[in-house]
Amino acid sequence: MKMITAIIKPFKLDDVREALSDIGVQGITVTEVKGFGRQKGHTELYRGAEYVIDFLPKLKLEIAVSDDLAAQVIETIRDTANSGKIGDGKIFVTSLERVVRIRTGELDDEAL
């Protein structure tokens, strides 16, 4: 089992969610986050005053999947969230030791 964590631009959420649903992903957790990578934020002009936005708004997606679905999920997120511009985000993959469904006590793949 894998935990796939993706940081994407907010306007890509609906496209990514639909694409993941199409390949059989049944659950996803979305968190609004702020951060920066290589682009180091940007400068904006408001009422004649210039100011720097250090942390840009992003969305953090967390998806727990079985090992056989992980590669397809990663590819789907990469293809769907790609705008071709700096700041498209990152995908992180970690192994899950154990998953427990609280309601039924199911374990691991059955709990997903």
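Residues numbered from 1 in each chain as written. Predicted model: local features only at pLDDT ≥ 70, side-chain atom pairs only at ≥ 80, totals over all residues. Heavy atoms only, no water.

K.L.:
Break down the overall build of the chain for me, with residues and values.
P.N.:
When helices and strands are tallied, the chain shows two helices and six strands. Mapped from its N terminus to its C terminus, the chain presents α and β elements in the order β-α-β-β-β-β-α-β. Relative to the 2.2 N^0.38 estimate, which gives 13 Å for 112 residues, the radius of gyration of the chain is 17 Å and therefore markedly larger than a compact globule would have. For the chain, long-range pairs separated by at least 24 residues make up 71% of all intrachain contacts whose partners lie at least 6 apart in sequence. As displayed, the chain has an accessible area near 7,800 Å², and 49% of this comes from carbon and sulfur atoms. Taking the 16 positively charged and 19 negatively charged side chains of the chain as two groups, their mean positions are separated by 7 Å. (Helix = DSSP H or I, 4+ residues; strand = E, 2+ residues; numbered from the N terminus. Rg over C-alpha atoms; globule rule 2.2 N^0.38 Å. Contact = heavy atoms within 4.5 Å. Areas by Shrake-Rupley, 256 points an atom, 1.4 Å probe, with all protein chains shown as cover. Lys, Arg positive; Asp, Glu negative; His and termini not counted. Charge placed at Lys NZ, Arg CZ, Asp CG, Glu CD.)

K.L.:
Account for the sheet that holds strand 2 (residues 29–35), naming residues and giving values.
P.N.:
Overall, antiparallel pairing links the four strands, which are arranged 2-5-1-6 in an open sheet. Each edge of the open sheet carries a strand with a single partner, namely strand 2 and strand 6 (89–95). Along the sheet, successive strands turn relative to each other by an average axial angle of 20°, direction set aside. Where strand 1 (residues 2–8) and strand 5 (residues 56–65) come together, seven bridges link them in antiparallel fashion. Each bridged residue has a counterpart across the sheet, and for Met3 the counterpart in strand 5 is Ala64. Of the strands in this sheet, strand 1, strand 2 and strand 5 touch helix 1 (residues 13–22), which is tilted by about 10° from strand 5. Sitting on the sheet, helix 2 (residues 67–81) touches strand 1, strand 5 and strand 6, and the angle it makes with strand 1 is about 5°. (Pairing = 2+ DSSP bridges. Axes fitted to C-alpha atoms, helices over the stretch in contact; angles between N-to-C directions.)

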